[in-house]
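Reading the structure
Here is what each chain is made of, one letter per residue.
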Amino acid sequence: MTEVYLDGVRLEFEDSGSGSTIKELIDTIENDLSGLRRFVMELWIDGEMLQEWRGSRVLNRPLSIYNDFKLKTASMEEVALEGLDLVQEYIKVTRDNIDACVKDLRVGNGRADAVLSSVFDGFVEIVKTIDALARGGEKYRRDLFRENPATYFNPVIRGLDELREASESRDSITAADVLEYELKPLLEEMDSNLFHYYA
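Overview of the structure. All figures in this text were calculated on a predicted structure; none of them were measured in a lab. (Residues numbered from 1 in each chain as written. Predicted model: local features only at pLDDT ≥ 70, side-chain atom pairs only at ≥ 80, totals over all residues. Heavy atoms only, no water.)

As for its position among the elements, R95 is in helix α2 (residues 76-107). You can call R95 buried: its relative accessible area is 19%. If sequence neighbours within four positions are ignored, R95 has contacts with K184, L187, E188 and D191. (Helix = DSSP H or I, 4+ residues; strand = E, 2+ residues; numbered from the N terminus. Buried < 20%, exposed > 50% of the residue type's maximum accessible area, 1.4 Å probe, protein only. Contact = heavy atoms within 4.5 Å.)

Encoded structure:
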C-alpha cells in the first residue's frame, strides 16, 4: 500500500482504482492547500528527492508502483522570497557574464561564444522567473515588485535579437556594444527599480 506524507504527517490516502498518477496526487493536495496559500516544493519518492520534477514525465507515472511519497510545502511568501533571491542572483551572474563576454569579444577571444550563450540563458531565466513571480503575486494580491516588470520584457527581447543578429553575422564589435551599452544598463535598471528589498 502506498503511503503519503505531507510535511511529515501521514495522510489517510487510498488509491481506490490503482490508476492515479503522481500529478493527480499533487494537484489534489495543492488544490486543498490553495486556501492556505501553500505549495508543494519538494517531492520524495521511496526515499529519493527528485530534482526539477514539475512538468517531467515522472508526474505521469502511476502511484501504485511506489511505496511512499513525501511532499514538503512552503508558503506563498517563502516561495516568493526564494524566487526574488533567485532572480537577483541571476541578474548578478548575468551581469558578470556580460562583463566577461564584452572583454572576450573586444580582444577576439574564442571563449566569447560560450560566455555569450550563458548570457542568453541568464536573460531567459531572469524573464521567466520575474514573469512567474509577477503572475503569482497578482493571483494572490501581493505586490512583489516596486514597478511593473513587464515594461522591461520588450527591451530585453529587442536587445537579445540585436545580439543574436550580431553574433550570427560574426560582428563581435556590435555584439560587445549591445551587451555593454544596451543589455547591461537594462539589467542594472531592473536591479535598481524592481525590488523592494535586496538579498
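Side chains of strand β1 (residues 3-6) alternate between two faces, with V4 and L6 buried and E3 and Y5 left unburied. Where β1 lies against strand β5 (residues 68-75), 4 bridges are found, and the strand directions are parallel. When the sheet's bridge partners are listed, L6 is paired in β5 with L71. Sheet topology note: the β1/strand β2 (residues 9-11) ladder contains 3 bridges and is antiparallel. When the sheet's bridge partners are listed, L6 is paired in β2 with V9. In this structure, the hairpin formed by β1 and β2 is closed by a connection of 2 residues, where D7 is found at a positive phi of approximately 50°. (Pairing = 2+ DSSP bridges.)

Helix α5 (residues 172-193) packs onto helix α3 (residues 112-139) with a crossing angle of 30° between their chain directions and a minimal axis gap of 13 Å. When the axis of α3 is compared with that of α5, the two are roughly parallel. Both α3 and α5 take part in a crossing whose hand is left-handed. The segment α3 lies against α5, with L116, V119, F123, I126 and I130 engaging L179, L183, L187 and M190. (Axes fitted to C-alpha atoms, helices over the stretch in contact; angles between N-to-C directions. Parallel < 35°, antiparallel > 145°, perpendicular 65-115°, else oblique. Left-handed = near helix turned anticlockwise from the far one by under 90°.)

Another point: the sheet that holds β1. Across the sheet, 5 strands lie side by side as β2-β1-β5-β3-β4; this open sheet has mixed pairing. With partners counted over all chains shown, the strands left at the sheet margins are β2 and β4 (48-50), one partner each. Taking the axes of each pair of neighbouring strands and ignoring which way they run, one obtains an average angle of 35° across the sheet. The sheet contacts of helix α1 (residues 22-33) involve β1, β2, β3 (38-45) and β5, and relative to β3 the element is tilted by about 150°. Together, β3 and β5 form the strand contacts of α2, whose direction differs from that of β5 by roughly 80°.

On to the nonpolar core. One finds L179 and L183 to be the most contacted residues of the largest nonpolar core, which totals 36 residues. Contributions of two or more residues to this core are made by α2, α3, α4 (153-168) and α5. Residue contacts for L179: discarding those within four places in its chain leaves I98, C101, V102, L105, L116, V119, L163, K184 and P185. Counting 18 residues, the second-largest nonpolar core is a separate cluster that includes I29, L33, V58 and L63. (Core = buried A, V, L, I, M, F, W, Y, C linked by side-chain atoms within 4.5 Å.)

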